[in-house]
Structure formats: C-alpha cells, structure tokens
Amino acid sequence: MPDNNISISTAEAREMLFIALYKSAFPAIARYVSKMGGTFDEAKDIFQDALVIYYEKAALGAINLNTNERAYLLGISKHLWLHRFKENT
C-alpha cells in the first residue's frame, strides 16, 4: 500500500501507485456503485475521477489522511456518485 506522502518523480512510480490504488480500492467502489444502481462503466468513471482528485491533492500536499488511501478513495467516490445521481434524477 502506498504511503500518505506522495512524491512521485517518475512515470513508472506513478503507474505503480495507480495500480496499487486500483487493486486495493476499485472492487469496493464497484460494489458500492452497483449496489446504488450504477453500471460497471459508471464505477470505472467514478473511480477515475476519485483517483484524479486524490492524486492532485496529494501531489500538492493538501491532503492529511486520517485513514488509508482505500477509505479516502471510497469516500470521494461515494460523494461523486451521489452528486451524479442527484444530477440525473
């Protein structure tokens, strides 16, 4: 699992970070979106958006995790899904 202080200097290291986050967080996000009536493709979109938000905040040093990355990404994903759900209803 990646550490909370992201200092990614190479594309290879960044790719390894994304793969680790994908393996640890995406299954839970896909289950949540599916449970809430979404599709697998919607889950992938939500996860990608959450990953971008996480990475941008972490790269700027504007993130202070009280939990692990998986829980943080799940929280962002839930927020994004609820926002998308409200827009579509």
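Residues numbered from 1 in each chain as written. Predicted model: local features only at pLDDT ≥ 70, side-chain atom pairs only at ≥ 80, totals over all residues. Heavy atoms only, no water.

(A) Spatial organisation of the overall build of the chain. Summing up its helical and strand segments, the chain has three helices and zero strands in all. Ordered by position from the N terminus, the helices and strands of the chain form the series α-α-α. Taking all 89 residues of the chain together, 34% fall into the buried category. Taking contacts inside the chain between residues at least 6 apart in sequence as the whole, the part at least 24 apart equals 62%. A total of about 5,800 Å² of accessible surface is found on the chain, and carbon and sulfur atoms cover 53% of it. (Helix = DSSP H or I, 4+ residues; strand = E, 2+ residues; numbered from the N terminus. Buried < 20%, exposed > 50% of the residue type's maximum accessible area, 1.4 Å probe, protein only. Contact = heavy atoms within 4.5 Å. Areas by Shrake-Rupley, 256 points an atom, 1.4 Å probe, with all protein chains shown as cover.)

(B) Local environment of the confidence of the model for the chain. Mean pLDDT over the chain stands at 85; residues scoring 70 or higher make up 89%. Taken together, the stretch residues 1-5 has pLDDT below 50 and engages in 10 contacts with residues farther than four places along the chain or on a different chain. (pLDDT = per-residue confidence, 0-100.)

(C) Representation of the packing of aromatic side chains within the structure. Here the structure, examined in full by the defined rule, presents six aromatic pairs. Ring geometry for Y22 versus F26: centroids 4.9 Å apart, planes at 10 degrees, classification stacked. Here Y22 and its partner F26 are both found in helix 1 (residues 11-35), four residues apart, which amounts to about one turn of the helix. F26 sits in the buried class, given a relative accessible area of 5%. (Phe/Tyr/Trp six-rings, centres within 6.5 Å; stacked < 30°, edge-to-face > 60°.)

(D) Representation of the nonpolar core. If you look at the biggest cluster of nonpolar residues, it comprises 23 residues, and the most contacted ones within it are L21, I29, V33, F47, Y54 and L73. Mapped onto this core, the elements with two or more residues apiece are helix 1, helix 2 (40-60) and helix 3 (69-88). Contacts of V33, omitting those with residues within four sequence positions, involve G38, T39, E42, A43 and W81. (Core = buried A, V, L, I, M, F, W, Y, C linked by side-chain atoms within 4.5 Å.)

(E) How the structure looks around helix 2. The end-to-end C-alpha separation of helix 2 is 30 Å, in line with the 30 Å expected for 21 residues at 1.5 Å each. Taken as a whole, helix 2 has its buried residues at A43, I46, F47, A50, L51, Y54, Y55 and A58. Buried residues of helix 2, viewed axially, fall in a sector of 165 degrees; they line one side. Buried positions along helix 2 lie against helix 1 and helix 3. Downstream of helix 2 by a residue or two, G61 has a phi angle that is positive, lying close to 80 degrees. (Expected span 1.5 Å × (residues − 1). Arc of directions from axis to C-beta.)

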